[in-house]
Each structure stands twice: as structure tokens, then as C-alpha cells.
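# Descriptive analysis of the structure
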Amino acid sequence: MGRRRLRLPRVNKKSLKFVSGHMLAGAIASLCLPPFGLLPLIAALSWPAICLGRAARIGEAMCIGWAAGFGWFLFSSWWIAVSMVTGKTGHWPLFPLAVLFVPFLLSLFWCAAAVVSWRLAHRAAARLIWFIVLLGLMEWARGYVATGFPWNAPGYAFSAHLSLLQAASVIGLYALNLLAVAVAMIPAFWYFGWRCSAILVAALLPVLAGAGMWRLASHAEIAPGDGAAKSVRMVQPAVPQAEKWDRDRRMTHLERLQRLSMGQTPVPQLVIWPETAFAGLLAAERDLFRRTVAGALPVDGLLITGVPRRHSRTELLNSAIMVGPDGEIDAEYDKQKLVPFGEFFPFRSLFPFATAIVGPMDFTHGTTDRLFSIPRYGVVRPLICYEVIFPGVAGGLGARPDWLVNLTNDAWFGGTPGPYQHLEQARMRAVEEGIPMVRVANTGVSAAFDPYGRTLARIEMGVAGFADLILPHPAPVTFYARWRETALVIGLILLAVLAIRLDRRLGFGH
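We now turn to the structure provided with this report. (Residues numbered from 1 in each chain as written. Predicted model: local features only at pLDDT ≥ 70, side-chain atom pairs only at ≥ 80, totals over all residues. Heavy atoms only, no water.)

## Quick look at the overall build of the protein
For the protein, the helix and strand inventory stands at 16 helices and 12 strands. Expressed as a percentage of its 510 residues, the buried residues of the protein come to 57%. Sequence-distant contacts, at least 24 apart, represent 72% of the contacts inside the protein between residues at least 6 apart. By element, 64% of the accessible surface of the protein is carried by carbon and sulfur atoms, the whole surface being about 21500 Å². (Helix = DSSP H or I, 4+ residues; strand = E, 2+ residues; numbered from the N terminus. Buried < 20%, exposed > 50% of the residue type's maximum accessible area, 1.4 Å probe, protein only. Contact = heavy atoms within 4.5 Å. Areas by Shrake-Rupley, 256 points an atom, 1.4 Å probe, with all protein chains shown as cover.)

## Notes on the nonpolar core
Formed by 125 residues in total, the largest nonpolar core has its most connected members in Ile-42, Met-185, Ile-272, Ile-304 and Trp-403. Within the second largest apolar cluster, 19 residues are counted, among which are Val-235, Leu-254, Val-293 and Ala-296. (Core = buried A, V, L, I, M, F, W, Y, C linked by side-chain atoms within 4.5 Å.)

## Considering the sheet that holds strand E1 (residues 231-236)
Strand order in the open sheet formed by six strands is E5-E4-E3-E2-E1-E12, with mixed pairing between adjacent strands. The sheet is open, and its two borders are formed by strand E5 (329-334) and strand E12 (465-470), each paired with just one other strand. Pairs of neighbouring strands in the sheet enclose a mean axial angle of 35°, with direction left out of account. The sheet strands contacting helix H11 (residues 250-261) are E1, strand E2 (270-272) and E12, and the helix crosses E1 at an angle near 150°. Each of strand E3 (302-312), strand E4 (315-323) and E5 touches helix H12 (residues 286-294); the most contacted strand, E4, lies at about 30° to it. (Pairing = 2+ DSSP bridges. Axes fitted to C-alpha atoms, helices over the stretch in contact; angles between N-to-C directions.)

## What to know about the pairing of E12
Covered by surrounding structure in E12 are Gly-465, Ala-467 and Leu-469 only, the residues Phe-466, Asp-468 and Ile-470 on the alternate face being uncovered. Bridging between E1 and E12 involves six bridges; their strand directions are antiparallel. Bridge assignment links Gln-236 to a residue of E12, and that residue is Gly-465.

## Looking at the packing of helix H2 (residues 46-54) against helix H5 (residues 124-141)
Packed helix pairs are characterised by how far apart their axes lie and by the angle those axes make with each other. At a closest axis distance of 8 Å, the pairing of H2 and H5 adopts a crossing angle of 130°. As the angle between them shows, H2 and H5 are arranged oblique. The hand of the H2/H5 crossing is right-handed. Facing Ala-49, Leu-52, Gly-53 and Arg-54 of H2, the residues of H5 in contact are Ala-124, Arg-127, Leu-128 and Phe-131. (Parallel < 35°, antiparallel > 145°, perpendicular 65-115°, else oblique. Left-handed = near helix turned anticlockwise from the far one by under 90°.)

## Quick notes on the sheet that holds strand E10 (residues 446-449)
Across the sheet, six strands lie side by side as E6-E7-E8-E9-E10-E11; this open sheet has mixed pairing. Looking at the sheet topology across the chains shown, the edges are occupied by strand E6 (372-374) and strand E11 (455-459). With direction set aside, neighbouring strand axes in the sheet form an average angle of 15°. By the bridge criterion, five bridges tie strand E7 (residues 378-384) to strand E8 (residues 403-408) in an arrangement that is parallel. Paired with Val-380 across the strands is Trp-403, a residue of E8.

## Some thoughts on the packing of aromatic side chains
All chains considered together, the criterion is met by 15 aromatic pairs. Taking the centre distance of 6.4 Å and the plane angle of 65° together, the rings of Trp-66 and Phe-104 count as edge-to-face. Of this pair, Trp-66 sits in helix H3 (residues 58-77) while Phe-104 sits in helix H4 (residues 95-120), and the two are 38 residues apart along the sequence. Its relative accessible area of 22% is what places Trp-66 among the partly exposed residues. What makes Phe-104 partly exposed here is its relative accessible area of 38%. (Phe/Tyr/Trp six-rings, centres within 6.5 Å; stacked < 30°, edge-to-face > 60°.)

## Here's the deal with helix H7 (residues 168-184)
Three or four residues apart is the spacing at which side chains of an α-helix point the same way, because the helix has 3.6 residues per turn. Taking 1.5 Å per residue, 17 residues should reach 24 Å; H7 reaches only 18 Å between its end C-alpha atoms and comes up short. Approximately 80° is the largest bend angle found in H7, and it occurs at Tyr-174. The buried fraction of H7 amounts to 16 of the 17 residues, a majority that puts the element mostly inside the structure. (Expected span 1.5 Å × (residues − 1). Bend = angle between axes of the 7 residues up to and from the residue.)

Right, here's the structure in full:
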């Protein structure tokens, strides 16, 4: 077979219609994600898959994969650009770039999946199976390449349905991606004559839902900890990002934290504030921090919160700390997974506008995992901001945590879908690990989940308030926590074998 040359479709009215149609399909399919949760709409991805199967040239395959991915990520991640116009940053000229840049980069993974699928198979049905395999593989890669950014993966389509979400305890997000893409291809299976396969994949959903309902019913009540000794207060100050670093309003914000922390008696021994609740560098303002903490805790209390702090003149850390009423740090953890283009700028020297976006100094990656051990509360794994979006958050640390805490500040994104997406990703981590999750945000949504993803407490978006809960025990170690991506690997191998066999059979044309 001769070498196939890469030829992109000519830019004309027909090709623009071709590309925009696949973008629209990706955008419609993304409505399956939180906060919308319209799972059936993921089937819109069948249209790009059918066209991929029928594509005559590799350039068509490239455009199909890229356009579908761009539509998916543009429509589900546009809110990232809101940070450019939040507060007095002066970054509003970069708004269009921020809207387009992130979905463009992420769509390249889908583009690669489409191109490789087209290359590996000659028959349309085999390309369809390869596309499922490669898209699942690329979504896994998206969690690792360039520090990783597994946001809005297809598997989160199941997160809005608690019974379906239980599958995460067995196979985890990355295998759920594979399952979600297979579900999306049901109309494509039907189109290519795979009626039985379409029915079989469709039947998986009620089977998974039934298994999930059985799991939830079997653990209807999670035994709490030791009553008041395991009581936790989540505090959501709801300080708008535009006001957060305003020195003239600072004392008002700190007094609000104190008032909410002590707002109702009895005050739990453990109080949790969000990321950067104290808007200042810890070393430079130690006395003010101590006074604030002293006015917010009972005499035997403990506080977990997030603070920025300097490690040296050239190192700035985003940290989670545990302190007593005297404000002295009992334990600390430095954020390891920093937000690209938010907390650090890759290849900063190549981009003259980098300082305008993230300031003159990047945050430094933490290098040591650390668990907090709290008498009567057990062992807690701190996760700062978007660290919670990475599967396997409780692995590799020796002792299994008794609970997880996620400190975040989503105020940059207002009431957009972003904070709600972040919330659902935190909930999936609780189900994957079988470990309770307490998520405390600056402006919301703050919530706590039991090991099965059921809500224990919640403070809605933009509400200044607190919520008390009693921490439940963790569930038994889940299959996913024990075996991690085993289900993904098995699924990829089985589908790849199926695709190879299909391509060798007769009866499937382009």
C-alpha cells in the first residue's frame, strides 16, 4: 500500500459546514456533564464517529476528531476565561485567548485518537471500535501529559446519577471514560448494522443503575464516628474574589470567618476554612493570623485551612495547614499539582505576557506527600483546589486515610458551571476510594460526602455560612482503590482485539 499523504479539506463553505457540524455535535454531547447531567445527549458523538468510519482521507479524520473535541471542551470549559475578568486584574484583553486556548489544546487529544483510529483500520466498523479504544486511552493520557488536566472527561457523565456513580468504586474514572464513549456510540453501532451490540451496550446502563442502587441500599446508614468527637464545622465565608485582597475590607472578612466559626454552640473541635481564607502571606503576618485563629476556635479546637506562604525569597508555596488556637502550625502540606497557566506558567521565558497572567513569581511544587493525624478524627489526606480532580488521590501514602479534605477557592469563576463540575469531581473521588470527602470552598459550593457519594452537608453557591457534620467511617477498600486501572487495561485490550478481528472480516466496507 502506498503512502497516504496528509491533505486537509480546502477551506470553503462546504468544509466550514463540515467542521462546524462536528463542533456542534461535541458541544451537544458535553451537556451530559455536570451541572446539566443530560446523559442521553452524549450520543451526539456518534455523528463524528460515523463520519470518521466513512472518511476517505486522513485529513478528514483529523478535522473530525479535532472539531468534536473542540466543541466538547469549548462548551464545557469556557468558564475558565471568567478568571480574566474577575476583579481588577486588567486581564480582560486576554479573555478571547483564554476561551479558545484551553479547548484547542485539549482537543488535540481527540484529534490524535481520530487520526490513529483511521490509520489502524480500513473498515468503518473497526474504526469505530478503535476510536473507542483510542479516545479512552487519550483521556487517560490527558491526566498525565504536561502535569495532567483530566477535567470534564466523558466518564463524569455518570456523576449526576448516584446509582451509576457507584461503578467508579469498581473501575474508576478512566475506565468509566471508556464505558461512556461506548454508550455514546450506540447510534453508530446501529448505523453500521451492529444492532445486538447497540442493545447490549444500552442494556449496561440499567444493569449498572440496578447494581448501584443495591450497593446504596446495602449501606443505607454509614456508622458515624464517635459522636461529637468526630464533629466537623465547614465554614464558607463567601468573599467575592474582587474583594478578597482588598486591604480596606480585610478586617470585615476576618471577623466574618470568626463569627461563622463560633456561630453556634457547641463548637466542634475541628473547624475547616477554605483555600486562602486568610488573604495574606503567613510569615509576613503571623500576629494577625494568630489573633484571627484565636477568635475562631474553642480552647481545645483545631483549624484546617489553606494559606500561601514563602519558603524562601524565590519559592512561593500553596499550603494546607493544621493549627491550634495559638495559631502555631501543627502540620502542613504543600500543593504538588499546580494549575498550569494559573499558579505557574510553563516555558515562562517564551511568553512576554506571562507576568500579566500569573504575576512575576510562579508557585513552587510541593515535593512531599503528607497526611494529617488528628486525635479522635483519624488520618486525613489534604487536597488543595484542583488536586482533587486526579484519580488515585489516596494512593501511595502507606496508611489509608480515614477521610479526605479538599480546600479550594472557586470564586474566580463565579456562578458558572466550573465550581459545580469541580464539586462532582470531588464526589467521584470519595466513591472511587470509599472514603468520606469534605470539600470547603470560599464562595461555594461547599459539601461533604459519605464513602458512597451521598451528601452529608452542603452550603450553596454564594452563601456565607457554616455547616456541621459527623464524619462517618470509611467504607471497605474498594476494588478500584486496590487494583487501580486494571479494568481500563482489560477493557482496552479486549476492544483492541475485537477491532483487529473486525478489520479482517469481510462484509464491512468503508
